[in-house]
Amino acid sequence: MITTAARGVERPVLRRALIEPDVSAVGAVAADCLVQELETWPKPGLVSHVDNGSHDDMDAATFRRSAAAIRPYLQRLADAGAHGCGMGRLRIIGLEAERAMLAATAGVNTHRGAIFGLGLLCAAAGARAGGLVDPALPLGDVVARLWGDSILDGPVLLHSHGSVARRRFRAGGARIEAATGFPSVYRIGLPSLRRATSVVPQDVEAARVEACFALIASVEDTNLLHRGGLDGLRFAHDEARSFIASGGVRAPGWRARAQSIHESFVARRLSPGGSADLLAMTLFVDAHERPVPRCLTRS
């Protein structure tokens, strides 16, 4: 309590303490999830630390530079979320992140989809830490509740590969995924990651591979539609579903089988980049919403 004098009378002035929410690690966690996605192999058609997949214009070093360049902007998105910023401000930061990405990669689009989806989840983590929503609310629900309408009403990049594929094939795409709370993350990626982690707890990469295949098996990936049309999408779905149905990473020789599928994607120049972005988002959500193990108590 502070007192002020007015006309000789002491009057109390009450000020609400402003406690800054601690979201300082959100950007670093998000960038690390991008690196974990990169360091997952075999990953059908996608760039990894082992090879370039179906891409001639990018490699692991390109992705590492990109992740480092956008890390400060992912943190800024978390800060903006913590301070209750609207979608307009988030878009501005996202566009700045894209420019930083393109500068770091000599114009190669490595993480545009991740900047959008993972960036929104960073903002949601900030909003939750800042007390703007129920702290028990899943991050996807935070995105849908705070910015869902604005996401759907926002500007569309008419000439992007994803937009062209969405219009041509009437696919949902990243905007619908985000506006509805990232159902692919919560219904497919996260359950697959956690099931595999419980079965092969000693091999964290295997759990990421399982989640990646599960996402490819189900997601209407506009990157696949752009590169291979409906036939390419069906091929990707069939191969990934076959891998999961045969036991996934629990089956003997799973890595050789996954590598064979990876090579078949490369031969067809298919690259499920949307599923890769969703894998990074899955890892981020898992890091923020991982169940706390029950403490053992003495009887």
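In this numbering scheme, every chain counts its residues from 1 along its sequence in written order. Where totals are concerned, whole chains, interfaces and linings use all residues; where local detail is concerned, this predicted model gives features only for residues with pLDDT of at least 70, and gives and counts side-chain atom pairs only at 80 or more. The side-chain values count all of the structure's non-hydrogen atoms but skip hydrogen atoms and water molecules.

## Quick notes on the pattern of salt bridges
Point 1. A side-chain nitrogen of Lys or Arg and a carboxyl oxygen of Asp or Glu constitute a salt bridge if their distance falls within 4 Å. Within this structure, the stated rule accounts for eleven salt bridges.
Point 2. Measuring nitrogen to oxygen at the nearest pair gives 2.9 Å for the salt bridge that ties Arg194 to Asp286. Of this pair, Arg194 sits in helix H8 (residues 183-199) while Asp286 sits in helix H12 (residues 273-289), and the two are 92 residues apart along the sequence.
Point 3. Burial classes follow relative accessibility: with a 1.4 Å probe on protein chains only, a residue under 20% of its type's maximum area counts as buried, one over 50% as exposed, and anything between as partly exposed. Taking relative accessible area as the criterion, Asp286 reaches 10% and is therefore assigned buried.
Point 4. Its salt-bridge partner being Glu205, residue Arg255 comes within 3.3 Å of it at the nearest N-O pair. Of this pair, Arg255 sits in helix H11 (residues 254-267) while Glu205 is found in helix H9 (residues 204-218), placing the two residues 50 residues apart along the sequence.
Point 5. According to the relative accessible area criterion, Arg255 is partly exposed, its value standing at 28%.
Point 6. In the salt-bridge network here, residues are joined through shared partners; they are Arg194, Asp286 and Arg290. Under the scheme used here, helices are H or I runs from DSSP no shorter than 4 residues and strands are E runs no shorter than 2 residues, and both carry numbers assigned from the N terminus.

## Points about the environment of Ala179
Point 1. Among the secondary structure elements, Ala179 is positioned in helix H7 (residues 173-179).
Point 2. Linking Ala179 and Trp147, residues 32 residues apart in sequence, is a C-alpha distance of 7.3 Å.
Point 3. The criterion used for residue contact is that any of the two residues' heavy atoms lie within 4.5 Å. Apart from residues no more than four positions distant in its own chain, Ala179 is found in contact with Ala144, Gly148, Ile151 and Leu152.

## Examining helix H3 (residues 87-104)
Point 1. To estimate how far a helix should extend, the number of its residues minus one is multiplied by 1.5 Å. Spanning 18 residues, H3 covers 25 Å between terminal C-alpha atoms, matching the ideal 26 Å at 1.5 Å per step.
Point 2. Every buried residue of H3 is listed here: Met87, Leu90, Ile93, Gly94, Ala97, Glu98, Ala100 and Met101. Seen from one end, H3 has its buried residues packed into an arc of 165 degrees, which puts them on one side. Those residues of H3 that are exposed and aimed more than 90 degrees away from the buried face are Arg99 and Ala103.
Point 3. On its buried side, H3 packs onto helix H2 (60-82), helix H4 (112-129) and helix H5 (139-153).
Point 4. Just downstream of H3, Ala106 is the residue with a positive phi angle, here 60 degrees. This arc is taken over the directions from the axis of the helix to the C-beta atoms.

## Section: unusual backbone geometry
Trans peptide bonds make up most of the peptide bonds, and negative phi angles are found at most residues other than glycine.
Point 1. With omega at 0 degrees, the peptide bond leading from Trp41 into Pro42 counts as cis.
Point 2. Summarising the element assignment, Pro42 is placed in the loop between helix H1 (26-38) and H2.
Point 3. Positive phi, normally seen in glycine, also occurs at Ala106, with a value near 60 degrees.
Point 4. With respect to the helices and strands, Ala106 occurs in the loop between H3 and H4.
Point 5. In this model, Phe182 sits at a positive phi of 55 degrees, which is unusual for a non-glycine residue.
Point 6. Note that Phe182 resides in the loop between H7 and H8.

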